Structures are given as C-alpha cells and as structure tokens.
Amino acid sequence: MEKERHVLVIFPHPDDEAFSVSGTVAIHREAGTPVTYLCLTLGEMGRNLGNPPFATRESLPKIRKKELIDAANAIGIEDLRMLGLRDKTIEFEDDEKLTSIFTAAINELNPSLIITFYPGYSVHPDHEATARAVVRAVERIEEKERPKLHCVAFSNNCIQELGQPDIIHDITAVEEKKVAAVTAHRSQTEAMVLDWKEKFENQDADFLEWIRKERLWTYKF
Amino acid sequence: MKPIDRTEVQNAIDSFAGQDVYLHLETTNGAYATHVDEAFFSAGAYIRNAFIQYEHGKIVGDGPYRIGLKLNIGWVYAEGVNHFEVDDQGRLLVAGLDFSGKLAVSMQLSPTPFE
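Residues numbered from 1 in each chain as written. Chains lettered and ligands numbered in written order. Predicted model: local features only at pLDDT ≥ 70, side-chain atom pairs only at ≥ 80, totals over all residues. Heavy atoms only, no water.

### What to know about the pattern of salt bridges
Residues and elements named next belong to chain A.
So, point 1. Considering all chains together, one arrives at 23 salt bridges over all chains under this definition.
So, point 2. When the shortest N-O distance is used, the salt bridge between lysine 97 and glutamate 93 registers 3.2 Å.
So, point 3. Close ionic contact of glutamate 190 with arginine 186 constitutes a salt bridge, the shortest N to O distance being 3.1 Å. With glutamate 190 and arginine 186 both in helix H7 (residues 186-193) and four residues apart, this pair spans about one turn of that helix.
So, point 4. Residue classification places arginine 186 among the partly exposed residues on the basis of a relative accessible area of 39%. (Salt bridge = Lys/Arg side-chain N within 4 Å of Asp/Glu carboxyl O. Helix = DSSP H or I, 4+ residues; strand = E, 2+ residues; numbered from the N terminus. Buried < 20%, exposed > 50% of the residue type's maximum accessible area, 1.4 Å probe, protein only.)

### Points about the layout of surface pockets
So, point 1. Roughly 1,600 Å³ of volume is contained in the largest pocket.
So, point 2. If you go around the largest pocket, you meet 50 residues; those closest to its centre are Asp15, Phe19, Phe154 and Met192 of chain A together with Tyr32 of chain B.
So, point 3. At the level of elements, helix H1 (16-30), H7, helix H9 (205-212) and strand S7 (213-218) of chain A together with helix H2 (33-36) of chain B are the ones that each hand at least two residues to the lining of the largest pocket.
So, point 4. Grouping the constituent residues of the lining of the largest pocket by class yields 18 nonpolar, 17 polar and 15 charged.
So, point 5. Counted as a void, the second largest pocket has a volume near 490 Å³.
So, point 6. If you go around the second largest pocket, you meet 24 residues; those closest to its centre are Lys88, Glu91 and Pro125 of chain A together with Ala31 and Ser42 of chain B.
So, point 7. Only helix H4 (125-139) of chain A together with H2 and strand S3 (45-52) of chain B provide two or more residues apiece to the lining of the second largest pocket. (1 Å grid on protein atoms, 1.4 Å probe; cavity = no way out; pocket = protein on both sides within 12 Å on 5 of 7 lines; lining within 4 Å. Points joined across faces, edges and corners; volume = space filled by probe spheres on them. Nonpolar A, V, L, I, M, F, W, Y, C, P; charged D, E, K, R; others polar.)

### A word on the interface of chain B and chain A
Many descriptions give the size of an interface as the accessible area lost when the pieces come together.
So, point 1. Contacts between the two partners involve 28 residues from chain B, matched on the other side by 21 residues from chain A.
So, point 2. Both faces combined, the contact of chain B with chain A buries some 2,100 Å², and carbon together with sulfur accounts for 52% of it.
So, point 3. Contact with chain A buries surface across chain B, with Met1, Tyr32 and His35 of chain B losing the most and accounting together for 25% of the total.
So, point 4. Viewed at the interface, chain A and chain B are joined by four salt bridges.
So, point 5. Note that arginine 57 of chain A is salt-bridged to glutamate 26 of chain B, the shortest N-O span being 2.7 Å.
So, point 6. Across the contact surface, chain B and chain A share 10 residue pairs in polar contact (both at pLDDT 80 or more). (Contact = heavy atoms within 4.5 Å. Buried area = accessible area lost by both parts, 1.4 Å probe. Polar contact = N/O pair within 3.5 Å; in protein donor to acceptor, adjacent residues only side chain to side chain.)

It is worth stressing that arrangement in space is one thing and function is another; only the former is reported here.
This is how it looks when you write it as structure tokens:
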C-alpha cells in the first residue's frame, strides 16, 4: 500500500467504514498516516433495534454515536468528525452545501487520498448522494492537484459495468482490528458476526476472502 | 421497548388527546430491500415533528395492532405496531418490529419536538 500524506474517509453512516475499509485505514494508521473520517449521520433510521429490542427510534442515535467512536478507536482513527446530518435525508440536502462541506475539509486537510462510495454503484441513496458530492468537490480541483479518489462499490451491476476492482488490499495483518471495528457497531452487526468465530476456526475460504480483501475502484472522472 | 400492552398504550393515547403534540411517523422496508431482491418494490414514508392535535385516538386489533388518531380535519394511522415505551421524557414511542426484530413502522407522540 502506498504511503499517503493524509487519508480522508467520507461515508454517511456509522458502520459504512467498518465493512469496507477498516483494514485499509488500520494499515494507514499503523504506518503513521493521519486519517480523518467524516461521518455524515448517526444512522438514526437504522432498522436494527436488537431482538428483543434494546433501543428505540429515539435512543438509537446515541447508541450508534458511541459505537462509531468505539469503531474509530479500534482502527486508530484520531480525527473522527460527526457532521450531524440525518440518516436517509442526504439526497434531499442542498447539493452545493454538501459539496462545500467536503471542499472545506479537503482544503483544510490536503489529503493525498480520499475514500468514499462509487456514485451509481453504491445502492443506498445516502451513499449515492455522498459520493456524488465528493466527486463534485474533487472535480473542482485542478486535475494535476487532485488527490486520488478510491471508491467502494457493491451494487449488483458493479463488476459488470466497472470491471474488477483495480485496488485490492490484503488486510490480513490487521484483521483483528477490522473485526473489532465491525463488532463495535453492535446494534447493526450483532446478528452478522454471530458465526464469524466458527468461520475463522473452520478457515472458511469465502469468508476469509471477503474479510481479508478490501476492494476499491479508482474513480474515473 | 416491550410488547404492547393495549391498556397502557390506550391510556397514553388518551393523555395526549385534545392538545398540541409532535408526531413522528415512519414506515420502512430498509434501503437495501431491492438490492437483496430485485423483484421487491421498495417503499416507505417518514414525517418528523408534524405538529398535530387529535380529538381522540384508538389502538385496535389483537396484535400486531393498529393505531388511528382522528384529527379535526384528517387522520393519522399506523398498522403493524407491536412494541412500545413511554420514555423518561413522557413520549409515547410505538414501533412495529418484524420477525427478525427490525423496525418496519414507527409512530411516536411527544409534547415537545423530537431532536
């Protein structure tokens, strides 16, 4: 993995970072690279309230805020910024306002790499709107000055249309940190991680491939 | 939240009748429903801090339940609710959780605006 000056991660929901790039982030942090994570919402509209429920619609954001902080700590993020927007409303925000938030962060931090979703290939309307605004912000920077833009894609048509990911990070060396980050988002991931221990013990090939290989696409302007 | 006790919920509904209250009403099948099953038609609705006053309200059904509020010039209702809580701020939080515990519908009433 190339040594970066500063990595700026931009996602709308607590846990978006954990599944997609927590290993990548942990590796950058271990190399001493500063990482800033802009997390737009607190996932207020999440549907997982526990079973039996341990959260309500109103207590969920407080729980998810704590989980987000725990996840950031697990992978060594020291600069976590919660932007206070509301889950499932990002696409309805003023596009220019959103873009200017990202432009301001880029100007302040001067990142050499930005990580976000790939617009058109990231399924959730909040992902798409966030990604579009990041692309707009980066596009406004003169081409030779632009930071690299690496994107997470997972729509059903992403491989077909984008081709195979051109960036594959093997994060096996930090996989415990990744598992800790995913697990920290307990209200969203508890059911999912139930059988992970068994899968690790059984060396389940598909599972190990999924957790150890973080796949990204370089954005094509 | 705990499974709905009809009497307790009815009492809470009655206690808000005839006064200004803030309403949160939401239905959702999750943003990934169509991603998981392309034949699924994704739909939902959400209103937060609607300022309403209702003449009376009722919880009906055998569980999951339905709640309807009769406004001076309209209606509010929710279907499929099965859990509730009157929280420490005196708000009535009602939710419909699906078979895996995921929220499918939410209806909440509060004397003060929701955050």
